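# Geometric and topological summary
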Amino acid sequence: MTFIVASNNAKKLKEITNILEGIGHDAVSATEYALKSNPEETADSFFGNALIKAQAFKALTPLGVIAEDSGLMVEALSGAPGVYTARYAGPNSTDEANIDKLLEEMKTVEYDDRTAWFVSSVVTILPDGDIISALGYTRGRIGFEKRGSNGFGYDPVFYIQGNRSFAQLTDRQKNEISHRGRALRKLAFKLRKIRRMKGNI
């Protein structure tokens, strides 16, 4: 099945495309179909914001649409940044500014208390209008410094087992364990079940 990816983030689009292709689905950028939408993400949950994006793009095309909203939840910060992950340091903030703010707020937090989770909510709207969703999580810790140059967002300070950051992994290594990879694989499993029932996707 071919999905229109409802994202204006080139790095996220690349990651979603790579994961979907690895599990047997095609993904294309909305710009390839000249679809433009930038809905305001006003929901208080990752699922809510993913649904907003999926519905906005689905209104522009008869094809299937897939949208994703994700974020970082830090235990010591009571779940922040949460849905404000992309704009933690303020509107239109950069990845560097967001990381700098996070590290500043975490500077007095001991290693054992730096637990964090990346969360991904994926929503697809099929050509017939059915809505399918899935969640994925990856547990790690917030490091004391940035490590690595791959990835994007908070990847350089999100450490997994072995104290490697997401930004130190190859794309393939990250996709195998990432919150986004896990959510998309769950979604693919649901789609296979629907295909068996409907026989038309």
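Scroll up to find the structure.
Okay, so let's go over this structure. Residues take numbers from 1 onward in each chain, read along the sequence in its written order. Reporting of local features is limited, given that this is a predicted model, to residues whose pLDDT is at least 70; pairs of side-chain atoms are given and counted only at 80 or more, and all residues count toward the totals for whole chains, interfaces and linings. Hydrogens and water molecules were not included; the side-chain quantities draw on all heavy atoms of the structure.

Take a positive patch on the surface next. The grouping of Arg182, Arg185, Lys186, Lys190, Arg192, Lys193 and Arg196 at the surface amounts to a positive patch. Each helix corresponds to a stretch of at least 4 residues labelled H or I by DSSP, and each strand to a stretch of at least 2 residues labelled E; elements are numbered beginning at the N terminus. As for its placement among the helices and strands, Lys190 is situated in helix α5 (residues 179–198). Only protein chains enter the accessibility calculation, which uses a 1.4 Å probe. A residue is then buried if its area is under 20% of the maximum for its type, exposed if over 50%, and partly exposed in between. Classification of Lys190 as partly exposed rests on a relative accessible area of 36%. Candidate patch residues must exceed 30% relative accessible area and have no salt bridge, after which like charges are joined if within 9 Å and Val, Leu, Ile, Met, Phe, Trp or Tyr side chains if within 5 Å. Per-residue accessibility takes into account occlusion by the displayed protein chains alone, with areas from the Shrake-Rupley method and a 1.4 Å probe. By convention in these notes, a salt bridge is any Lys or Arg side-chain nitrogen within 4 Å of a carboxyl oxygen on Asp or Glu. Lys and Arg are tallied as positive, Asp and Glu as negative. Neither His nor the chain termini are counted. For this purpose, a charge sits on NZ of Lys, CZ of Arg, CG of Asp or CD of Glu.

For strand β3 (residues 64–74), a buried count of 10 out of 11 residues is recorded, marking the element as mostly surrounded by other parts of the structure. Here three bridges tie strand β1 (residues 2–5) to β3, and the two strands are oriented parallel to one another. Among the inter-strand pairings, Ile4 is bridged to a residue of β3, identified as Val65. A pair of strands is treated as paired once DSSP finds two or more bridges between them. Pairing geometry for β3 and strand β4 (residues 115–125), over 10 bridges, is antiparallel.

With that out of the way, let us pick up the environment of Asn18. As for its position among the elements, Asn18 is in helix α1 (residues 10–22). Residue Asn18 is classed as partly exposed on the basis of its relative accessible area of 34%. C-alpha separation for the pair Asn18 and Asn175, spaced 157 residues apart in sequence, amounts to 8.5 Å.

We now examine the sheet that holds strand β2 (residues 26–29). Taken in spatial order, the seven strands of this open sheet run β2-β1-β3-β4-β5-β6-β7, and their pairing is mixed. Across the chains shown, the open sheet's two edge strands, defined by having one partner strand only, are β2 and β7 (164–165). Inspection of the sheet shows strand β6 (residues 158–160) paired to β7 by two bridges, in the antiparallel sense. Looking across to β7, one finds that Ile160 is bridged to Arg164. Where helix α2 (residues 46–58) meets the sheet, its contacts fall on β3, β4 and β5 (131–142), and the angle it forms with β3 comes to roughly 155°. Residues are treated as being in contact if the distance between any of their heavy atoms lies within 4.5 Å. Between N-to-C directions, angles span 0 to 180 degrees; the directions come from axes that are lines fitted to C-alpha atoms, helices contributing only their stretch in contact.

None of the figures reported here should be taken as evidence of function without further support.
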